[in-house]
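Tertiary structure, described
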Amino acid sequence: MKRMLWIVPVLAAVGLMGAPLVAQTKPQAVKVGFINSDAVIEAHPDYAKVKAVRDQADKELKPLQTQLTQLQQKIQSGQASAKEQQDFQTLRQAYNDALKKWATRTEEAGKPLTDQIDKVIKKVAEDNGFQVVMDYKVAQASSLVVYAADGLDLTAKVIEEVKK
């Protein structure tokens, strides 16, 4: 029994001696970088294909949007006939259908670019010791980032790699 009483203080002392070692271990800092994703996409060699699809979409959607705006103003002012109100509903449905079609086509045209850009961002981040890379616009719009030190912008490095 006396031996047991002697072991308990020794174990407690050993445990206390090890505690400062554990407490002194500092957490690893996370390095966060930022990119301007619009600039990276526009710098991609195949961006012209995506822009062509967007231009076609604008060409088809703008006249529909103009007509919708005019009819909506008439309806809101109370000057629209029953036929114009029906035309508005039909036109709005046509506009929404065209919008979905062009959104799908734009996404299909842009997917190879964004897939490649995502890989490049990962490579640049890993090569430069960044664990997290955020888009400037998203960080700014969400108020997630209030301050960022200089030297965290990876846009130029990503663009350089994308153009290779």
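First, a word on scope: everything that follows refers to the structure included in this document.

Reading the values: the criteria
- Residues numbered from 1 in each chain as written.
- Predicted model: local features only at pLDDT ≥ 70, side-chain atom pairs only at ≥ 80, totals over all residues.
- Heavy atoms only, no water.
- Core = buried A, V, L, I, M, F, W, Y, C linked by side-chain atoms within 4.5 Å.
- Buried < 20%, exposed > 50% of the residue type's maximum accessible area, 1.4 Å probe, protein only.
- Helix = DSSP H or I, 4+ residues; strand = E, 2+ residues; numbered from the N terminus.
- Contact = heavy atoms within 4.5 Å.
- Axes fitted to C-alpha atoms, helices over the stretch in contact; angles between N-to-C directions.
- Parallel < 35°, antiparallel > 145°, perpendicular 65-115°, else oblique.
- Left-handed = near helix turned anticlockwise from the far one by under 90°.
- Nonpolar A, V, L, I, M, F, W, Y, C, P; charged D, E, K, R; others polar.
- Salt bridge = Lys/Arg side-chain N within 4 Å of Asp/Glu carboxyl O.
- Arc of directions from axis to C-beta.

This part takes up the nonpolar core. Val-40, Leu-154, Val-158 and Val-162 are the most contacted members of the largest nonpolar core, which totals 17 residues. For this core, the secondary-structure elements that each account for two or more residues are strand 1 (32-35), helix 2 (37-43), helix 4 (82-127) and helix 6 (155-162). Broken down by element, the residue count for this core peaks at 5 residues, all from helix 4. With near-sequence residues (within four places) excluded, Leu-154 lies in contact with Gly-33, Phe-34, Ile-35, Val-124, Phe-130 and Val-133. Formed by 11 residues, the second largest nonpolar core is a distinct cluster that contains Val-53, Ala-57, Leu-61 and Leu-68.

Another aspect to go through is the packing of helix 4 against helix 6. At their nearest, the axes of helix 4 and helix 6 sit 9 Å apart, and the two run at 125° to each other. Taken together, the axes of helix 4 and helix 6 lie oblique to each other. With respect to the hand of their crossing, helix 4 and helix 6 are arranged in right-handed fashion. Here Gln-116, Ile-117, Val-120, Ile-121, Lys-123 and Val-124 of helix 4 lie close against helix 6, whose contacting residues are Lys-157, Val-158, Glu-161 and Val-162. Its residues assigned to classes, the contact of helix 4 with helix 6 shows 6 nonpolar, 1 polar and 3 charged.

On to the pattern of salt bridges. In total, this model carries 9 salt bridges according to the counting rule given. For Asp-55, the salt bridge identified is with Lys-51, shortest N-O distance 3.4 Å. Taken together, the residues Asp-55 and Lys-51, both in helix 3 (residues 47-77) and 4 residues apart, mark about one turn of the helix. Lys-111 is paired through a salt bridge with Asp-115; the nearest N and O atoms lie 3.2 Å apart. Separated by 4 residues within a single helix, Lys-111 and Asp-115 lie in helix 4, roughly one turn from each other. Overall, Lys-111 belongs to the partly exposed group, its relative accessible area being 45%.

The next point concerns helix 6. Taken together, the buried positions of helix 6 are occupied by Thr-155, Val-158, Ile-159 and Val-162. Seen end-on, helix 6 carries its buried residues on one side only, within an arc spanning 100°. Looking at helix 6, the residues exposed on the side facing more than 90 degrees away from the buried face are Ala-156 and Glu-160. In this structure, the buried side of helix 6 is in contact with strand 1, helix 2, helix 4 and helix 5 (136-141).

Its location among the elements puts Thr-106 in helix 4. When neighbours within four sequence positions are excluded, Thr-106 is seen to be in contact with Val-53 and Arg-54.

Any functional reading would require information that these geometric values do not contain.
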